[in-house]
Amino acid sequence: APPAPPSPPAAPALGTDELPSVGSAAHALGTCKPCAFLHTKGCENGLACNFCHLCGAGEKKRRQREKLEMMKTLSLKEAVP
């Protein structure tokens, strides 16, 4: 009998559209950190970048605003007796 074909990889290969950087691995879980340079001057770290290359251009700023709003809400709740 011919040898069995190798099984497909469990995760996308680094450097593919599904995993363009090391930091993109957590994108599907929503726990990634967007690369600040990819959509502006370009990321010099490429595949080795610890930040996500799958997030959209405005994602970092959106998350910063969301975090700021959360902090404001929490501080207001603590200030009210």
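None of these values were measured; they are calculated from a predicted model. (Residues numbered from 1 in each chain as written. Predicted model: local features only at pLDDT ≥ 70, side-chain atom pairs only at ≥ 80, totals over all residues. Heavy atoms only, no water.)

Caption draft 1: Highlighting the overall build of the protein. Summing up its helical and strand segments, the protein has one helix and zero strands in all. For 81 residues, the compact-globule formula gives about 12 Å, and the C-alpha radius of gyration of the protein, at 19 Å, lies well above that figure. Summarising its shape, the C-alpha atoms of the protein cover approximately 75 × 35 × 15 Å along the three principal directions. In the protein, which comprises 81 residues, the share counted as buried stands at 15%. Taking as baseline every contact in the protein between residues at least 6 positions apart, the subset at least 24 positions apart corresponds to 55%. Accessible surface, the protein: about 6,600 Å² in total, of which carbon and sulfur atoms supply 62%. When the 10 basic and 7 acidic side-chain charges of the protein are each reduced to a single mean position, those positions are 7 Å apart. (Helix = DSSP H or I, 4+ residues; strand = E, 2+ residues; numbered from the N terminus. Rg over C-alpha atoms; globule rule 2.2 N^0.38 Å. Buried < 20%, exposed > 50% of the residue type's maximum accessible area, 1.4 Å probe, protein only. Contact = heavy atoms within 4.5 Å. Areas by Shrake-Rupley, 256 points an atom, 1.4 Å probe, with all protein chains shown as cover. Lys, Arg positive; Asp, Glu negative; His and termini not counted. Charge placed at Lys NZ, Arg CZ, Asp CG, Glu CD.)

Caption draft 2: Representation of a nonpolar patch on the surface. On the surface, Leu14, Val22 and Leu47 cluster together to form a nonpolar patch covering roughly 250 Å² of accessible area. Mapped onto the elements of the fold, leucine 47 is located in the segment before helix H1 (59-79). With relative accessibility at 44%, the residue leucine 47 sits in the partly exposed group. (Patch = residues over 30% accessible without salt bridge, like charges linked within 9 Å, V, L, I, M, F, W, Y side chains within 5 Å. Salt bridge = Lys/Arg side-chain N within 4 Å of Asp/Glu carboxyl O.)

Caption draft 3: Representation of the pattern of salt bridges within the structure. Counted under the stated rule, the structure contains three salt bridges. Among the ionic pairs, arginine 62 bridges to glutamate 59, the shortest N-O distance being 2.8 Å. With arginine 62 and glutamate 59 both in helix H1 and three residues apart, this pair spans about one turn of that helix. Exposure remark for glutamate 59: the relative accessible area of 18% places this residue in the buried category. The closest approach of N and O atoms between glutamate 66 and arginine 62, which form a salt bridge, is 2.9 Å.

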